[in-house]
Amino acid sequence: MKKISLITITVFVMFSIATKVNAQHEKGEIQIDLYHGLPPHTGIIFRAISSASADETVEVKTLGNLGLRFQYYLAPNFALGVDANYTSRSAEFVESSTGYEEKIQQTVIRAMVRTSWEFLKAGGFEMNWNNSIGLRNASWNWSATDPDLTINTDWNGGVPIAFRSALGFRYMFTENVGLNLEVGVLGGALLNGGLTIAL
């Protein structure tokens, strides 16, 4: 809740500044963002590591959060679009005394409808407050070489609904190419950034 409150306060502060800026996007404009999230989401892998014994070594691998955003401007300061992202993470345990191995792997895919209020555009610098809601699919696999080890049923895919609220920044080097940065809660990594293409 503290993160959501901080984003909300920041948006209202920036709105008071934005009212003095006249530059706007054009209706019908399209923007595409390619991004990577940091730090890597841990989720179920964090729970797996926390359950490891002192006799086990753990190796963690992550890919993503990798994402693609598309938005279409319905008005100079309001856009509607789609945000989709992918994350893969795994943890592999090796028990020192027996050599037994255990591996848990999770893949998360989110596809969300996104609204974006573009409240600041000054030169090449832009800011927006965006909210997204959609579907979340989380599949996971578990394997072990220890014949006496049973699956931990507490690990599951979680809720199938994805939601995200974020504060976004862009800096456009030209009319068509720039960089993006976003700080948000839920629906992906806390921080993500990448390339922006405007059409």
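Our subject is the structure that appears above.
Since the structure is predicted, the reported quantities are computational estimates derived from the model, not experimental observations.

Rules behind the numbers
- Residues numbered from 1 in each chain as written.
- Predicted model: local features only at pLDDT ≥ 70, side-chain atom pairs only at ≥ 80, totals over all residues.
- Heavy atoms only, no water.
- Buried < 20%, exposed > 50% of the residue type's maximum accessible area, 1.4 Å probe, protein only.
- Helix = DSSP H or I, 4+ residues; strand = E, 2+ residues; numbered from the N terminus.
- Pairing = 2+ DSSP bridges.
- Polar contact = N/O pair within 3.5 Å; in protein donor to acceptor, adjacent residues only side chain to side chain.

**Remarks on the pairing of strand S1 (residues 30-38)**
Link 1 in the chain: On S1, burial follows the alternation: Gln31, Asp33, Tyr35 and Gly37 on one face are buried, whereas Ile30, Ile32, Leu34, His36 and Leu38 on the facing-out side are not.
Link 2 in the chain: In this structure, S1 lies alongside strand S2 (residues 56-75), joined through seven bridges in antiparallel fashion. For isoleucine 32, the partnering residue across the bridge sits in S2 and is phenylalanine 70.
Link 3 in the chain: Two elements, S1 and strand S8 (residues 191-198), share eight bridges in a ladder whose sense is antiparallel. Along S8, the bridge assignment pairs leucine 34 with leucine 195.

**Side note on the environment of serine 165**
Link 1 in the chain: Examined against the element boundaries, serine 165 turns out to sit in strand S6 (residues 161-172).
Link 2 in the chain: When the C-alpha positions of serine 165 and leucine 186 are compared, they lie 7.2 Å apart, and in sequence the two are 21 residues distant.
Link 3 in the chain: Within the structure, the side chain of serine 165 is placed 3.4 Å from the side chain of tryptophan 129, a separation counted as a polar contact.

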